[in-house]
Structures are given as C-alpha cells and as structure tokens.
Amino acid sequence: MKLVEVLENLSNANGVTGREEQVRELMRQYLKPYVDEIREDRLGNLIAFKRGKKDAPTVMLAAHMDEIGLMVKNIKKRGFLQFTKIGGIDDRILLAQKVVVHTDKGPLTGVVGSKPVHIQTDEERKKVINADKLFIDVGARDREEAEKMGVQVGDVVSFDTKFARLGDSVVFGKAFDDRVGCAILVETMRRLQKVDCNVYAVGTIQEEVGLRGATIAAFQVEPDVGIALDSTVAGDTPGVAEGEAPAKMGEGPVLTVADAGLIAHPKVLRLLMDSAKENKIPYQLETGIRGSTDAARIALSREGVPSGVISVPARYIHSPAAIVDLDDVEKAVRLAVAMVEKVPEIF
Ligand SMILES: [Zn+2]
C-alpha cells in the first residue's frame, strides 16, 4: 500500500484519546509484515519489534495513535449533548462543526449547535462562546431518545472530516496530528529491511492528554535512543508573525531543538542533522513551541534516554481539518530511515 493510502486510512479512522482501538488495529495490520514481533501492552500501546544484530543499540520510534476530540458530559432534558474537550482545542473552531458521536450502538452524526446570526445581538456577535456553553445536536427529541440512540456519558466525539487530495502533493484531513507520524512509522519500518540496530516501532496512546502511553512504553522498551514522529505547527499562513512558528509547509521535516518538555539531546540532534545532510534531505529547526511530544517522556524514562523529534509541518493542526505536504512526509520517512541506519555509528 502506498504511503498516501496508509495516511488516508489512518486519518479517516477514529481514535479520540483513550479510544484508540480502530487506529491500533490498522497499525497492527500495516506493521506486521515488517517486524518480528508485535503486541499490545496493558494500557493499549502497540509495540512492534524488529530484531537487529546482537549487542546493537536499540532505537524506539514512537508515533501517537490518539487524536484530539470531545467527550459527552451530559445529556440535556431536550436531547442536546453537553461535552468536554479532550486535548488542546480552541473553542472558536467548534461552532457549527459536523461531528461523529461514537456510541456502543454505533456512530451517530451530529452538529455543534449555534445560534443563527438573525437572532444574535451585536454583543453576542463579538464574543467567543466557551465550549461549556456549546452542545451537540444528534437530532434526538429528548434525553430518552438520545439514550435510545445509544448515547451515554463518556462517549467520545470525533470531527467528521474525510481525507482529500488538494493538489499534486498537498492533502487535507483530520487527525494528521499524529496519523502523519503513524504513517511515517509504517513506511519507515517497510523500508528498513536490513538494519543493524534493534528497532521498536511504537504506536502510543493518550499523547494529547499528557504523553501517557509513551511513558509506560519507553519503560518496557528500554531504548538507547528515542525518536518521536509527530506533526508540528506550520507557521506559514496569514496572521502568523515571523518567528512565531518557524516551520513552513513544503520545506522538509522539522527537527525539534527544544520545546516545552524536551531539549533534544545534542547527540541525537547531531545524528538527525548529519543523516539529513548526508542524504541531501532539507530540514527545518524549531524551538519555542508550546506543548511537547512523546520524546519528552521517553527522554525521562528509567535512567534517561537521549531523544529527539522528527515532525511534519501541518497547517491548522488541532482543528477539524489540517493540511500537510506529502513531500514533507516522504522526506521525514527518508530521514527516519537514514537516522536508524546511522545509529550504530554514534550510540
Ligand atoms: Zn502530536
């Protein structure tokens, strides 16, 4: 399967934090042919292993399987669903979104309700409506009907966005954070056929609420080097000031120098930059972004693991639909492969 098809299927799959099973099953299918072992750990991380030479270093590549979303908090008497946010979501992007409520009886289509412009006061038009004032309408007449449709407190809600190609290499879809990383992970393992080091390819859970899956995965895997494969903010759109977000779409994978949770280990950063240069892969350096990646937790596992991040710039990240350039994704794969091959020279 082509990289773009893997990304499409992963993007269309639903895996709001804590409910990653659809994504995990896809990842299991995709990774299985290229690894020696594959298992799910106690909390739901998918841990695949490709054995290398004896006494060779061990690399952990991690991509998180979860996506931001919502969770039903209360069913109102008249059938509207109040919700809470899972992960970092800007309240301003929620209004009028089409969503899918995942119930035990199956998925339900819904919309985040909004007050029509005709009846808004001038004051109301200027204000951002907080998420706790918003509600999802699944078409239920009242609470009983919503319950009959299968809705219960705790159901997760994802954005209803279908993957699409926008041009030769630009694609559009939901959950690119971090299905892009998941797709890079699969393709990297496919291309890593003869490699000296041991490689763990890990699909992690619950990244968006505090890097939780990576914490326990790294403990199990005990890597010598940790690399998170993720997406990052593309700062090349109108309204973003110069220097606010340095990465630009289409200019290659991004290497984190430092973020809110990690200072990339100098040896790992060097390894990544050298691998890129030797293979003529353009890259971008990033620092000062709020938030972090799984690498922050891998780095602090046990007695410490030198770690770094390869990410792909995504426009409109953490919104119902992001945009990435497949060319950046391809280059991120090439960099990940080159880096893994070079690890034994340095670690
Ligand atoms: Zn992410």
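Below you will find a few notes about this structure. (Residues numbered from 1 in each chain as written. Predicted model: local features only at pLDDT ≥ 70, side-chain atom pairs only at ≥ 80, totals over all residues. Heavy atoms only, no water.)

### Here's the deal with the pattern of salt bridges
We apply this condition: In the sections that follow, a salt bridge refers to a side-chain nitrogen of Lys or Arg positioned within 4 Å of a carboxyl oxygen of Asp or Glu. For helices the rule is a DSSP run of H or I covering at least 4 residues; for strands it is a run of E covering at least 2, with both sets numbered from the N terminus onward. Between buried and exposed lies partly exposed: a residue is buried under 20% and exposed over 50% of the maximum accessible area for its type, with that area taken using a 1.4 Å probe on protein chains only.
Scanning all chains against the criterion turns up 21 salt bridges. Note that glutamate 330 is salt-bridged to arginine 191, the shortest N-O span being 2.8 Å. Placement of glutamate 330 in helix H9 (residues 326-346) and of arginine 191 in helix H5 (residues 176-191) is noted, with a sequence separation of 139 residues between them. A salt bridge links aspartate 327 to lysine 331; its shortest N-O distance comes to 2.8 Å. Here aspartate 327 pairs with lysine 331, and both are found in helix H9, just four residues apart, close to one helical turn. Its relative accessible area of 34% is what places aspartate 327 among the partly exposed residues. Using a relative accessible area of 15% as the deciding quantity, one classes lysine 331 as buried.

### Considering the pairing of strand S11 (residues 170-173)
Where we set the bar: Each pair of strands is called paired provided DSSP finds at least two bridges between the two strands.
Of the two faces of S11, only one is covered, namely that formed by Val171 and Gly173; the face formed by Val170 and Phe172 stays uncovered. Here strand S10 (residues 164-165) runs beside S11; their pairing, made up of two bridges, is antiparallel. The residue bridging arginine 165 from the neighbouring strand is valine 171, located in S11. Taking the residues between adjacent antiparallel strands as the criterion, S10 and S11 are bridged by four residues. In this structure, S11 lies alongside strand S17 (residues 322-325), joined through four bridges in antiparallel fashion. Counterpart to valine 171 in the pairing with S17 is valine 324.

### Regarding the coordination of the zinc ion
The condition is simple: Listed donors are limited to N, O and S atoms within 2.8 Å of the metal, widened to 3.2 Å for Na, K and Ca; water is not among them, so incomplete-looking sites are possible.
Summarising the metal site, the zinc ion is bound by the protein donors His64 (NE2), Asp177 (OD), Asp230 (OD) and Asp230 (OD), whose distances to it range over 1.9 to 2.7 Å. Mapped onto the sequence, the residues coordinating the zinc ion show the spacing H-x112-D-x52-D. Of the two residues, histidine 64 sits in strand S3 (residues 58-64) while aspartate 230 sits in strand S13 (residues 225-233), which places them 166 residues apart along the sequence. For the pair shown, histidine 64 and aspartate 230 are each scored as buried.

### Quick word on the environment of valine 233
The following threshold applies: Every residue pair with non-hydrogen atoms within 4.5 Å of one another is taken to be in contact.
Structurally, the position occupied by valine 233 is in strand S13. Taking C-alpha positions, valine 233 is 9.9 Å from aspartate 177, a pair spaced 56 residues apart along the chain. Dropping the residues within four chain positions of it, valine 233 is found in contact with Ala245, Ala247, Glu286, Ala314 and Ile317.

### Some thoughts on the nonpolar core
Filter applied, for reference: To form a nonpolar core, buried Ala, Val, Leu, Ile, Met, Phe, Trp, Tyr and Cys residues must be joined to one another through side-chain atoms within 4.5 Å.
Formed by 61 residues in total, the largest nonpolar core has its most connected members in Leu10, Met27, Leu61, Ile227, Leu229 and Ile310. For this core, the element with the most residues is H9, which contributes ten residues. What isoleucine 310 contacts, discounting residues up to four positions off in sequence, is Ile227, Ala228, Leu229, Asp230, Pro253, Val254, Leu255, Leu272, Ala332, Leu335 and Ala336. Formed by 21 residues, the second largest nonpolar core is a distinct cluster that contains Val72, Ile75, Ile89 and Leu134.

### Focus: the side chain of glutamine 284
This is how the line gets drawn: As used in this structure description, the phrase polar contact means that two N or O atoms lie within 3.5 Å; if the pair is within protein, one of them must be able to donate a hydrogen and the other to accept it, and residues adjacent in sequence are counted only when both atoms belong to side chains.
Considering the arrangement of structural elements, one finds glutamine 284 in strand S15 (residues 284-289). Among the polar contacts made by the side chain of glutamine 284, one reaches the main-chain amide nitrogen of lysine 248 at a distance of 2.8 Å. If we skip the residues at most four places from it in the chain, glutamine 284 touches Pro246, Ala247, Lys248, Glu251, Gly252, Pro253, Val254, Leu255 and Pro313.

### Thoughts on the environment of glycine 79
Here glycine 79 lies in the loop between strand S4 (69-75) and strand S5 (81-86). For glycine 79, a relative accessible area of 1% gives the class buried. When the C-alpha atoms of glycine 79 and arginine 141 are compared, they prove to be 5.6 Å apart, with 62 residues separating the residues in sequence. Residues within four places of glycine 79 in sequence aside, it is in contact with Ala140, Asp142, Arg143 and Ala146.

### Topic: the sheet that holds S10
Stated precisely, the cut-off is as follows: Fitting a line to C-alpha atoms yields each axis, with helices limited to the stretch in contact; the angle taken between N-to-C directions then spans 0 to 180 degrees.
Strand order across the open sheet formed by three strands is S10-S11-S17, with antiparallel pairing between neighbours. Taken across any chain shown, the strands that pair with only one partner, and hence form the sheet edges, are S10 and S17. Relative to the sheet, H5 contacts S11 and S17, its axis offset from that of S17 by approximately 30°.

### Description of the side chain of lysine 331
For lysine 331, the side chain forms a polar contact with the side chain of aspartate 327, separated by 2.8 Å. Those residues within four positions of lysine 331 in sequence are excluded, and the remaining contacts are Gly252, Pro253, Ile281 and Pro282.

### Description of unusual backbone geometry
For the bond from aspartate 177 to aspartate 178, the omega torsion is 15°, close enough to zero to count as cis. Here aspartate 178 shows up in helix H5. Notably, aspartate 55 is not glycine yet its phi reads approximately 65°, a positive angle.

### Some thoughts on helix H6 (residues 212-221)
Filter applied, for reference: This arc corresponds to the set of directions leading from the helix axis out to the C-beta atoms.
The complete set of buried residues in H6 reads Gly213, Ala214, Ala217, Ala218 and Val221. Projected down its long axis, H6 shows its buried positions confined to an angular sector of 120°, all on one face. The inward-facing, buried residues of H6 abut strand S2 (46-50), S3, strand S12 (198-204) and helix H8 (294-299). Among the residues trailing H6, glutamate 222 stands out with phi positive, at a value near 45°.

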